[in-house]
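# Close look at the chain arrangement
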Amino acid sequence: MPLWDRVGRGVGGVTDEDDDLVARSRAGDTAAFGDLVRRHHSAACRMAVLAGAGSEAEDVTQEAFVRAYDALFAFRPGAPFRPWLLRIVVNLARNQARSRARRAGLVLRVAAMWEDGGVVDPQGVAVLAERDRRLWAVLRSLPDKDRQVLGCRFLLELTESETADVLGWPRGSVKSRTARALARLRALVEPEMAR
Amino acid sequence: MPESDDTQLCRDLVDLGRALDRPAPQGAVEAVLARLARRERRPHRRVIPMGFGLAAAAVAVVAVLQASSHLAAPLRDDPLIPGTDPANPTDQEAAPIETQPMGAPDGCSTWMAMEPVPRNRLSFETNWTPPSTPAWGEPNSFYTRRTRGSSTIAMARYSFQPNTVNLERYPPNMVPTYNPRESESPATVDVAGHGGRWARATPHRAFQLQVRIVDPGGREVDRLTTLCGGSRLTWTVEDGTTYAISGPVPDETLLALAATVK
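Residues numbered from 1 in each chain as written. Chains lettered and ligands numbered in written order. Predicted model: local features only at pLDDT ≥ 70, side-chain atom pairs only at ≥ 80, totals over all residues.

### Structural notes on the overall build of chain B
Put simply, the rule reads: Segments assigned H or I by DSSP are reported as helices when at least four residues long, segments assigned E as strands when at least two residues long, and all are numbered from the N terminus. Residues with at least 20 other C-beta atoms within 10 Å of their own are called buried, those with 12 or fewer are called exposed, and the rest are partly exposed. The C-beta atoms themselves are positioned from the backbone. By the convention adopted here, residues make contact when the C-beta atoms placed from their backbones lie within 7 Å.
For chain B, the helix and strand inventory stands at five helices and eleven strands. Residue burial in chain B is summarised as follows: out of 262 residues, 44% are buried. Sequence separation of 24 or more characterises 64% of the internal contacts of chain B that already satisfy a separation of 6 or more.

### Comments concerning the overall build of chain A
Scanning chain A from terminus to terminus reveals ten helices and zero strands. Each helix and strand of chain A, placed in order from N terminus to C terminus, yields the pattern α-α-α-α-α-α-α-α-α-α. Counting over 195 residues, chain A shows a buried share of 52%. Within chain A, contacts between residues separated by at least 24 positions form 72% of all contacts whose residues are at least 6 apart in sequence.

### Considerations on unusual backbone geometry
A negative phi angle is the norm for most residues apart from glycine, just as the trans form is the norm for most peptide bonds. Although it is not a glycine, Glu157 of chain A sits at a positive phi angle of roughly 55 degrees. Within the secondary structure, Glu157 of chain A is located in the loop between helix 8 (144-155) and helix 9 (160-167). Overall, the presence of 21 C-beta atoms within 10 Å leaves Glu157 of chain A in the buried class. Of note, the phi angle at Ala192 of chain B is positive, near 50 degrees, even though the residue is not glycine. Within the element layout of this structure, Ala192 of chain B appears in the loop between strand 6 (184-191) and strand 7 (194-200).

### Considering the packing of helix 3 (residues 30-50) of chain A against helix 4 (residues 57-70) of chain A
Residue and element names in this part refer to chain A. Heads up, the rule is: All axes here are fitted lines through C-alpha atoms, helices being fitted over the stretch that makes contact, and every angle between N-to-C directions spans 0 to 180 degrees. Each angle receives one of four descriptions, namely roughly parallel if under 35 degrees, roughly antiparallel if over 145, roughly perpendicular if within 65 to 115, and oblique otherwise. Each crossing gets its handedness from the near helix: less than a right angle anticlockwise from the far helix is left-handed, clockwise is right-handed. In this classification, Asp, Glu, Lys and Arg are treated as charged, Ala, Val, Leu, Ile, Met, Phe, Trp, Tyr, Cys and Pro as nonpolar, and every other residue, Gly included, as polar.
Contact geometry for helix 3 and helix 4: axes closest at 9 Å, N-to-C directions at 135 degrees. As far as their axial angle goes, helix 4 and helix 3 are oblique. In terms of crossing hand, the pair formed by helix 3 and helix 4 is right-handed. From helix 3, Phe33, Val37, His41, Ala44, Cys45, Ala48 and Val49 reach across to helix 4, where they touch Ala57, Glu58, Val60, Thr61, Ala64, Phe65 and Tyr69. Across the contact of helix 3 with helix 4, the residue classes tally to eleven nonpolar, two polar and one charged.

### Brief notes about the nonpolar core
Filter applied, for reference: Think of a nonpolar core as buried Ala, Val, Leu, Ile, Met, Phe, Trp, Tyr and Cys residues chained together by C-beta atoms that fall within 7 Å. Start and end positions for the domains come from either an automated domain assignment or a database one.
Core analysis: the largest hydrophobic core is formed by 106 residues, its most contacted members being Met47, Ala48 and Val89 of chain A together with Ala258 of chain B. In this structure, this core is formed jointly by two domains, domain 1 (3-38) and domain 2 (45-259) of chain B, each of which donates at least three residues. With sequence-adjacent residues up to four places away left out, Ala48 of chain A is seen in contact with Ala53, Ala57, Val60, Thr61, Val89 and Ala93 of chain A.

### Examining the pairing of strand 11 (residues 242-247) of chain B
Successive residues of a regular strand alternate their side chains across the two faces of the sheet. All names here are of chain B. Stated formally: When DSSP finds at least two bridges between two strands, those strands are taken to pair.
Counting buried positions along strand 11 yields five of six residues, so the element is predominantly enclosed. Across five bridges, strand 4 (residues 163-170) lies against strand 11 in antiparallel orientation. Bridge pairing links Tyr170 to Thr242 in strand 11. Bridging between strand 10 (residues 231-236) and strand 11 involves six bridges; their strand directions are antiparallel. Note that in strand 11 the partner of Ser231 across the bridge is Gly247.

### Quick notes on the confidence of the model for chain B
All names here are of chain B. Here is the rule we go by: Confidence of the predictor at the level of single residues is captured by pLDDT, which takes values from 0 to 100.
Counting all residues, the mean pLDDT for chain B is 68, and 63% of those residues have values of 70 or more. Note on residues 41-104: pLDDT under 50 across the span, and 128 contacts to partners over four residues away in sequence or across chains. Scoring of the predicted complex yields 0.50 for pTM and 0.79 for ipTM.

### Notes on helix 7 (residues 130-140) of chain A
The condition is simple: To be clear, the arc concerns the directions from the helix axis to the C-beta atoms.
Burial in helix 7 of chain A covers these residues: Leu135, Trp136 and Leu139 of chain A. Taken down its axis, helix 7 of chain A places every buried residue within 100 degrees of arc, on the same side.

### Describing the packing of helix 8 of chain A against helix 9 of chain A
Working note: a packed helix pair is described by the angle between its axes plus the distance between those axes. Residues and elements named next belong to chain A. Taken N-terminus to C-terminus, the directions of helix 8 and helix 9 make an angle of 135 degrees; their axes are 9 Å apart at the nearest point. Here helix 9 runs oblique to helix 8, going by the angle between their axes. In this structure, the crossing between helix 8 and helix 9 has a hand that is right-handed. In contact with Gln148, Val149, Cys152 and Arg153 of helix 8, helix 9 contributes Thr163, Val166 and Leu167. A per-class count over the contact of helix 8 with helix 9 returns four nonpolar, two polar and one charged.

### Some words on the confidence of the model for chain A
When pLDDT is averaged along chain A, the result is 78, and 75% of the positions lie at 70 or above. The element-level mean pLDDT for chain A is lowest in helix 6 (residues 106-114) of chain A, coming to 42, with helix 8 of chain A highest at 92.

Here is the structure:
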């Protein structure tokens, strides 16, 4: 069995504390919702970057939390909160990326996303070890779907099932896309890391 | 390709993810909470042009007359409604859902089970152009969902600050059927000469709505579960296309908007 079949601790599975915070948020306790933001902001921001939000990842993340708050009544108690939130992030990021493309044109969009310093650094990428920074840069250069599936499965350590939920793909697609994306990433990483 | 290479790569990715995991900046948390607080102080209202408002009022009078003679049987006795997980709307135990007094939901959350698409792709896939008129304004986002049988459901969302109004479209070969259990006062109404049906949330309470999409032979081709705040109006036009409009704005506004959909 490939390692990637076993990866995914399913962060969404750690839900006891989230359950309590969600219940209190639904009752109007905004401080509890603030705690949910603290717990999941980092993952949401990474997901926004991976889903193509580029330099607007922080804005997308903030909007996602506001939408999530509005939609808490629709959240099923006991379900993992993080994948549910990340699905909203992905939808917003995809929308935002398309709007940006319409506004600026594809060429400008790509330039804005990938030029050095143009990509948001919400997680303090600048302070990463050199090897991690290179890996992050290569990961960002992958096609959208490859980047998203690897991001969900490994950077966010979601299970296949959670990844399927977040990205809105069939679970089988997650599995096959993961294998292909890993192969592409490996082909890019090996020469890059050998430098 | 030796598996060990991928194993190491996977581990590197996991390590990278953990290295990227940082506490949320306090400013980020405060920004979200400030937005929620600001919005809660803002009344929900919709300003519409006077002429349009008069038309809406006229249509509303007709609606009331129609509703008084065509009240539908309460739909709360329908079978259990699955809950909603926007990422995976599978069957779940339904329960009455209290919404917060603040933070009105933006109509029905059907979009969460759909794929965001550009406007031209929506038009290409569905041969439908969402309304873009002074009354509606410009749609700000578009969604589609391809069902078995290759038919495509479409949805466009419009900003009616501070709320959002949603317009869903089901093509003629589909018949959406609904099981609103939590809705109140479901009623029939005239929508520009077509039979329409309301489903309404009670104050501070959203309702769950299961949309079963069947082909003309009655075979289920898709199933969506959505949560709605405010009201939802559904109607079918001559060619069999069914529309649904929803949003936390006055019913008169929804009805007037619906009457302009072609």
